[in-house]
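Listed below, chain by chain, are the residues.
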Amino acid sequence: MKTALLTHADCLSHVTPTGHPERVARLEHVLHALEPLDLTRVTAPLAAEDDILRVHPKSHLEELRRTLPADGYYQIDGDTFTSPGSLDAAFRAAGACVKAVDMVLGGEAPNAFCAIRPPGHHAETDTAMGFCLFGNAALAAKHALDHHGLSRVAVVDFDVHHGNGTQDLLWDDARALTITSQQMPLWPGTGRADETGVHGNVLNIPLGPDTGGAEMRSAWRDQAFPRLRSFRPELIIISAGFDAHQDDPLAQLNWSTEDFAWITAELCKIADEVCDGRVVSTLEGGYDLTALAASAKAHVEELIKAAT
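Owing to the predicted nature of the structure, the values given are computational and were not obtained by experimental measurement.

Criteria and thresholds
- Every chain is numbered independently, its residues counted from 1 as its sequence is written.
- For a predicted model such as this one, the threshold for reporting local features is a pLDDT of at least 70, and the threshold for listing and counting side-chain atom pairs is 80 or more; totals across whole chains, interfaces and linings nevertheless cover every residue.
- To get the side-chain values, all heavy atoms of the structure are used, and hydrogens and water are removed first.
- To pair, rings of Phe, Tyr and Trp, with the six-membered ring standing in for Trp, must have centres within 6.5 Å; the planes then decide the type, stacked if under 30 degrees apart, edge-to-face if over 60, and tilted in the middle.
- Strands are runs of DSSP state E lasting at least 2 residues, helices are runs of H or I lasting at least 4, and numbering of each runs from the N terminus.
- Exposure is judged per residue with a 1.4 Å probe applied to protein chains only, and the accessible area is read against the type maximum: over 50% gives exposed, under 20% gives buried, and values in between give partly exposed.
- Here, two residues are considered to be in contact whenever any of their heavy atoms come within 4.5 Å of each other.
- We count a salt bridge whenever a side-chain nitrogen from Lys or Arg sits within 4 Å of a carboxyl oxygen from Asp or Glu.

Caption draft 1: Just the packing of aromatic side chains, in detail. For the structure shown, the criterion picks out 9 aromatic pairs. Ring centres 5.4 Å apart and planes at 85° place the aromatic pair Phe91 and Phe134 in the edge-to-face group. Within this pair, whereas Phe91 is found in helix H4 (residues 86–105), its partner Phe134 is found in the loop between strand S5 (111–114) and helix H5 (136–147), the two being separated by 43 residues in sequence. The exposure class of Phe134 is buried, given its relative accessible area of 1%. When the ring of Phe131 is compared with that of Tyr287, the centres are 5.7 Å apart and the planes differ by 80°; the resulting orientation is edge-to-face. Here Phe131, found in the loop between S5 and H5, pairs with Tyr287, found in the loop between strand S10 (279–283) and helix H9 (289–307); they are 156 residues apart in sequence, far enough to count as distant. Linked through ring pairs, Phe158, Phe242, Trp255 and Phe260 together constitute an aromatic cluster.

Caption draft 2: Examining the side chain of His299 more closely. Along the chain, His299 falls in helix H9. His299 gets classed as buried once you look at its relative accessible area, which sits at 0%. Apart from the residues lying within four places of it in its own chain, the contact partners of His299 are Phe113, Phe158, Ile238, Ala240, Phe242, Thr264 and Ser281.

Caption draft 3: Geometry of the pattern of salt bridges. One pass over the structure, following the stated rule, counts 17 salt bridges. Notably, a salt bridge pairs Asp173 with Lys142, separated by 2.8 Å at the nearest N-O pair. Of this pair, Asp173 sits in the loop between helix H6 (164–170) and strand S7 (176–183) while Lys142 sits in helix H5; the two residues are 31 residues apart in sequence, bridging distant segments of the chain. The same class applies to Asp173 and to Lys142, which are both buried. Its salt-bridge partner being Asp194, residue Arg192 comes within 2.9 Å of it at the nearest N-O pair. Under the relative-accessibility criterion, Arg192 is labelled partly exposed at 43%. Within this structure, Lys142, Asp146, Asp173 and Arg175 form a network of salt bridges that share partners.

Laid out in structure tokens, this is it:
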């Protein structure tokens, strides 16, 4: 079996204002970089409304529908916009993550990558923010737990910005371990080491500006990997943001493309040890187009290696 790639053209219909960093070209560059790879290519379905309601109240969905513009843009906050195609894109993004969980847990694919937008890890319970409308990784975790009946799922996030939404959505669920590293100080200002969840189920690893790959690898080896192994998840979900790259314009970490390959390979090794290699990864940030494409390709190449 091959690594599954889930995406949909609707994810290109979420259009942001000119000059916005979270733009259509991001996904175009990722998909172009992945074209040569030997993958099982899957058309992402629309998420069911029940999938969204596992983590968001109906009022959140109704507000997004009410404010969806017929043309132009609707500004939710200082940096989060919707356009006429945004909700279809968001439902496809969430649907890709749910379908990827179904495929991996159902034995149709050893692991999967969801090449989607808008991203999801900043969307809180009833708040769209940080370019994100729905909590894609969190709702995928809840789907695995509630629909498939798993006992333990881990969400691992190496985006440069803290996944405040994922933390919020899984904060009080003892079945879900959330592990994140992020630059601090940096927007959104959350992600301190003392934010540990209701059940001690959150591990935050703050990294100072200019942290490079060597320091990152040491932090993950010392803190994240032992915690992940001791939790023994039955599925690992990766929020794969590539904006910790040294060329990214929105932050100041100094990771290389090879660092993203390394962390992916290490997470796949742990998955082999504890959950039969079952990994679902979903695209989050990354705003230098060249660095994003190269890093996403390196990430997926490691998923392919792990699947063989």
